[in-house]
Amino acid sequence: MKGLYLFIIPLFIAIGVHKFYVSVTQVEYYAQDEAIQITSRVFIDDLEKALVERYDVQTFLATPKEIQEADRIVERYLKAKFVVRINGTQVEYKYLGKKTDSDLMILFLEIPGFSLDKLKSIEIQNELLMDVFEEQKNILHFRIGDRKKSYVLIRESNVGMLNF
């Protein structure tokens, strides 16, 4: 019986510390601003690890030691891993900045000067953190006009689209 406990206790400890890898992105249209606004929530430690692995730089995100170039490095990573296509054409977005909420980093993006009546489709390719964590899942929520749609994106299927 004692041997059984020696086997079960480490198993429960391993299960208890298993981390999940997920981000949540909200894509919304704001008529008053004529803009598509995108908000992504990622775990700070996961983003930090991705930046270290990709750019070999420790940014110390959300700490008093955060480096001055942190926003520029985060934006560079976003531009490499997060693509927006409107009506089939890739569009540039503005990185507005970031803020922290507990252990999450909230990233703010915007595509300004866009009229909803010209929108036929919006497509998001989200590969954030997928280069670092094989089991990464990126949840994507569209809420544009009266249309809503959600996706769970994985490495093999990393694109979500909303058609009008």
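Reference entry: report on the structure contained in this document.

### Re the overall build of the protein chain
Regarding its fold elements, the protein chain presents 3 helices and 10 strands. In sequence order, the secondary structure elements of the protein chain are arranged as α-β-β-α-α-β-β-β-β-β-β-β-β. Looking at the protein chain residue by residue over its 164 residues, the buried ones come to 39%. For the protein chain, the proportion of contacts with a sequence separation of at least 24, taken over those separated by at least 6, is 56%. Total accessible area on the protein chain stands at roughly 9,600 Å², and carbon and sulfur atoms take up 53% of it.

### Section: the nonpolar core
Counting residues in hydrophobic clusters, the biggest one holds 40 residues, and the most contacted among them are Val 27, Ile 36, Ile 38, Leu 78, Phe 82, Val 84 and Ile 122. For this core, the elements supplying multiple residues, two or more each, are β1 (22–30), β2 (35–43), α2 (44–55), α3 (70–81), β3 (82–86), β6 (104–111), β7 (121–126) and β8 (137–144). Excluding residues that lie within four positions of it along the chain, Val 84 makes contacts with Ile 38, Thr 89, Gln 90, Val 91, Tyr 93, Ile 111, Ile 122, Glu 123 and Ile 124.

### Examining the pairing of β2
Counting buried positions along β2 gives 7 out of 9 residues, so the element sits mostly inside the fold. Two strands pair when backbone bridges link them, and β1 and β2 are joined in this way by 7 bridges, in the antiparallel orientation. Each bridged residue has a counterpart across the sheet, and for Glu 28 the counterpart in β2 is Gln 37. The loop that links β1 with its antiparallel partner β2 comprises 4 residues; one of these, Glu 34, has a positive phi angle of about 45°. Across 8 bridges, the pairing between β2 and β6 is antiparallel.

### Here we look at the sheet that holds β3
An order of β4-β3-β7-β10 is seen for the 4 strands of this open sheet, with the pairing classed as antiparallel. Two strands lie at the open edges of the sheet, namely β4 (89–91) and β10 (159–163), each paired on one side alone. Across the sheet, the mean angle separating the axes of adjacent strands is 25° when strand polarity is ignored. Note: β3 against β4, 3 bridges, orientation antiparallel. By the bridge assignment, Ile 86 is partnered in β4 with Thr 89. Relative to β3, α3 is tilted by about 55°, and along the sheet it contacts β3 and β7.

### Quick word on the sheet that holds β1
Strand order in this open sheet of 6 strands is β5-β6-β2-β1-β8-β9, and the pairing throughout is mixed. At either end of the open sheet lies a strand with only one pairing partner, and these are β5 (94–101) and β9 (147–153). On average, each strand axis in the sheet is inclined to that of its neighbour by 15°, with strand direction left out of account. Those strands touched by α2 are β2, β5 and β6, and its axis lies near 90° from that of β2. Its contacts with the sheet place α3 against β5 and β6, and it is angled at close to 115° to β5.

### Digging into the side chain of Ser 23
Along the polypeptide, Ser 23 turns up in strand β1. Among the polar contacts listed, one links the side chain of Ser 23 to the side chain of Asn 138, at a separation of 2.6 Å. Sequence-distant contacts of Ser 23, that is, excluding residues within four places in its chain, are made with Arg 41, Val 42, Asn 126, Gln 136, Lys 137, Asn 138 and Ile 139.

The rules we used
- Residues numbered from 1 in each chain as written.
- Predicted model: local features only at pLDDT ≥ 70, side-chain atom pairs only at ≥ 80, totals over all residues.
- Heavy atoms only, no water.
- Helix = DSSP H or I, 4+ residues; strand = E, 2+ residues; numbered from the N terminus.
- Buried < 20%, exposed > 50% of the residue type's maximum accessible area, 1.4 Å probe, protein only.
- Contact = heavy atoms within 4.5 Å.
- Areas by Shrake-Rupley, 256 points an atom, 1.4 Å probe, with all protein chains shown as cover.
- Core = buried A, V, L, I, M, F, W, Y, C linked by side-chain atoms within 4.5 Å.
- Pairing = 2+ DSSP bridges.
- Axes fitted to C-alpha atoms, helices over the stretch in contact; angles between N-to-C directions.
- Polar contact = N/O pair within 3.5 Å; in protein donor to acceptor, adjacent residues only side chain to side chain.

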